[in-house]
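This is what each chain is made of:
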Amino acid sequence: MQKRRYLEQSIKETFEKFGYKEIQTPTFETLELFTAKSGEGIIDELYSFTDKGGREIALRPELTAPVIRMYVEKLQMEPKPLKLFYFGNCFRYDRPQKGRYREFKQAGCEIIGSDTPEAYAELIAMAYKILKNAGLKNIQLNIGNLNILSSMFKNLKLSEDKQKYLIPLIDKALFEDVYDALTEFKINPKDATNFLEMLQTDDINKIIEYVKSDKSTLEEINKLKEILKILKNSFDVKDYNVKLSIVRGLDYYKGIVFEIEATNLGAEKQLCGGGAYELISLFGGKEFPTAGFAIGFDRSLIALETEKFVFPTQRIDAYVIPINEDTIEKSLEIANELRNNNLKADVDLMRRGVSKAMKYASSLNVKNAIIIGPDEIKNNSATVKDMDTGKQETVKIENLPKHIQG
Ligand code: HAM
């Protein structure tokens, strides 16, 4: 839990640095909240049940739909942009493996009300900085755009059904299978090869060349270019890839999408996913632009551990050891006073010899041991041993808080 609390605190601090405010929604929602966009097919991937009142309920698989539901119910009048962040447990009826759990935790956010390039650049930069600030070194940011991808599909005159068949293959980067499928759909080899090249290139000028006949897509690409420029110039985020093969698994995305992966993890390496999406009007609210992302909390911890990140540990400032039963009361009093001075203090509660108590103190990695014997009480002082240096000193009891703080 110390590691988890460290990560949580670090993520929270970065969200707050960007002006986001925390929100919390319930663990379960109506099943309909999740089927509204994705259809009944999603039920297989959810934990859902009928409650005693006959209501169809689901444990939330993510928090975007719940946050937008809450926005529509309670927050529509708030000034824009509304910047919300959250931590929450999520549940997916998945096949568990390392980094993929049936219950896991997400840290995420949603921004409601702005679709300017600077809003998107800030969002992407924040996701990147959250992971960097937490201590991760080996991460890769990939940015795509679903509108550009769908215009590429249109170029090839692919029906919705065919697109639906291709998307999971593109998502898994199974490009040979994509090529085979395109051949089967009677797309000529040159067009299929071009399409695949566009999915894999990170050269935005090549993409512009490819879609230049389509004006609205060109606008979308220029916006993407602007976002990348701001990322580089204003946020100092330079090591990203443009990747049109980023399609995201969820059904509500539109336009810009992005993912961040841990380069040294295996199959479950995706730490963060997000983008622009539309849900407000589906839930009965007045449409505003929305975007957000979520970070897999458990996976990010695995990534930190894999990088051998040294998590900060909380050390006890002082361990007070009464030499005998006559000094127990004074020892408790001293510990009490240290705590009143905002220090972390513990007292030996086992009535054991000093050497055993010292051994225990050193196993707790405490900073100081404070030994209280009858002589010390007589002189109104204590013996303080700095456990890191081994240095031992006699300190007046009233000076103990200052000494330990120093
Ligand atoms: P997602 O990509 O489904 O997006 O999940 C976000 C992150 O949660 C993933 O990148 C991954 O790290 C983690 N994750 C997903 N499934 C599991 C699992 N079974 N076990 C452990 N970790 C997992 C969303 O959920 C969107 N709501 C993100 C978003 C927010 N888009 C816009 N706003």
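The text that follows walks through the structure, step by step, so that each part is easy to find. (Residues numbered from 1 in each chain as written. Predicted model: local features only at pLDDT ≥ 70, side-chain atom pairs only at ≥ 80, totals over all residues. Heavy atoms only, no water.)

**What about the overall build of the protein?**
For the protein, the helix and strand inventory stands at 15 helices and 16 strands. Over its C-alpha atoms the protein spans a radius of gyration of 28 Å, topping by over 25% the 22 Å that the globule rule assigns to 406 residues. A principal-axis box enclosing the C-alpha atoms of the protein has dimensions of 95 × 55 × 40 Å. Per-residue burial over the protein gives 48% buried out of 406 residues. If you take every contact in the protein between residues at least 6 apart in sequence, the share linking residues at least 24 apart comes to 67%. Approximately 21200 Å² of the protein is accessible, and the part contributed by carbon and sulfur atoms is 48%. For the protein, the centre of its 59 positive side-chain charges and the centre of its 61 negative side-chain charges are spaced 2 Å apart. (Helix = DSSP H or I, 4+ residues; strand = E, 2+ residues; numbered from the N terminus. Rg over C-alpha atoms; globule rule 2.2 N^0.38 Å. Buried < 20%, exposed > 50% of the residue type's maximum accessible area, 1.4 Å probe, protein only. Contact = heavy atoms within 4.5 Å. Areas by Shrake-Rupley, 256 points an atom, 1.4 Å probe, with all protein chains shown as cover. Lys, Arg positive; Asp, Glu negative; His and termini not counted. Charge placed at Lys NZ, Arg CZ, Asp CG, Glu CD.)

**Some thoughts on the site of the ligand**
For the ligand, the set of nearby residues contains 27 residues, the closest of which are E62, T64, E110, Y253 and Q270. Within the side chain of Q106, one N or O atom sits 2.9 Å away from an oxygen atom of the ligand. Y252 places a polar side-chain atom, nitrogen or oxygen, 3.0 Å from a nitrogen atom of the ligand. Here the ligand loses 96% of its free accessible area of 660 Å² to cover by the protein chains. At the level of elements, β6 (103-112), β10 (270-277) and β11 (290-296) are the ones that each hand at least two residues to the shell around the ligand. (Near = heavy atom within 4 Å. Polar contact = N/O pair within 3.5 Å; in protein donor to acceptor, adjacent residues only side chain to side chain.)

**Some details on the sheet that holds strand β2 (residues 28-30)**
One open sheet holds the 3 strands; their spatial order is β2-β4-β3, and the pairing between them is antiparallel. Here the strands that pair on one side only, and so sit at the sheet edges, are β2 and β3 (48-50). Pairwise comparison of adjacent strand axes, ignoring direction, gives a mean angle of 35° for this sheet. When β2 meets strand β4 (residues 56-59), the two strands line up antiparallel, connected through 3 bridges. Residue pairing in the sheet places E29 in a bridge with A58 of β4. (Pairing = 2+ DSSP bridges. Axes fitted to C-alpha atoms, helices over the stretch in contact; angles between N-to-C directions.)

**Details of the state of the cysteines**
Two cysteines, two sulfur atoms, one covalent bond between them: this is a disulfide. Counted by the stated rule, this structure contains 0 disulfides. Unpaired in terms of disulfides, C90 finds its nearest cysteine sulfur in C272, a separation of 13 Å. Accessibility expressed as a relative area gives 0% for C90, which makes it buried. Free cysteine: C109, not disulfide-bonded; nearest cysteine sulfur from C272 at 8.1 Å. Using a relative accessible area of 0% as the deciding quantity, one classes C109 as buried. (Disulfide = S-S within 2.5 Å.)

**Remarks on helix α6 (residues 160-171)**
Since there are 3.6 residues in each turn of an α-helix, residues three or four apart along the chain are aligned in direction. Taking 1.5 Å per residue, 12 residues should reach 16 Å; α6 reaches 16 Å between its end C-alpha atoms and fits that length. By the burial criterion, the buried members of α6 are Q163, L166, L169 and I170. Down the axis of α6, the buried side of the element spans an arc of 125°, and every buried residue falls inside it. Exposed side of α6, more than 90 degrees from the buried face: E160, D161, K164 and Y165 are the residues found there. Along its buried surface, α6 packs onto α5 (146-155), α7 (175-184) and α8 (189-200). A173 occupies a position one or two residues after α6 and carries a positive phi of about 60°. (Expected span 1.5 Å × (residues − 1). Arc of directions from axis to C-beta.)

**Observations regarding the environment of E118**
In this fold, E118 is placed in helix α4 (residues 117-133). Judged by relative accessible area, E118 falls into the partly exposed class, the value being 45%. Taking the C-alpha atoms as reference points, E118 and M70, 48 residues apart in sequence, are found 26 Å from one another.

**Observations regarding the packing of aromatic side chains**
If you walk through the whole model with that rule in mind, you get 15 aromatic pairs. Ring centres 5.7 Å apart and planes at 35° place the aromatic pair F153 and F195 in the tilted group. Taken together, the residues span a long stretch of sequence, with F153 in helix α5 and F195 in helix α8 at a distance of 42 residues. For F153, a relative accessible area of 2% corresponds to the buried category. Here the aromatic cluster, defined as three or more aromatic residues joined through ring pairs, consists of F15, Y20, F85, F87, F258, F293 and F297. In this structure, K80 is placed above the aromatic ring of F288, and the distance from its NZ or CZ to the ring centre is 4.5 Å. (Phe/Tyr/Trp six-rings, centres within 6.5 Å; stacked < 30°, edge-to-face > 60°. Lys NZ or Arg CZ within 6 Å of the ring centre and 35° of its normal.)

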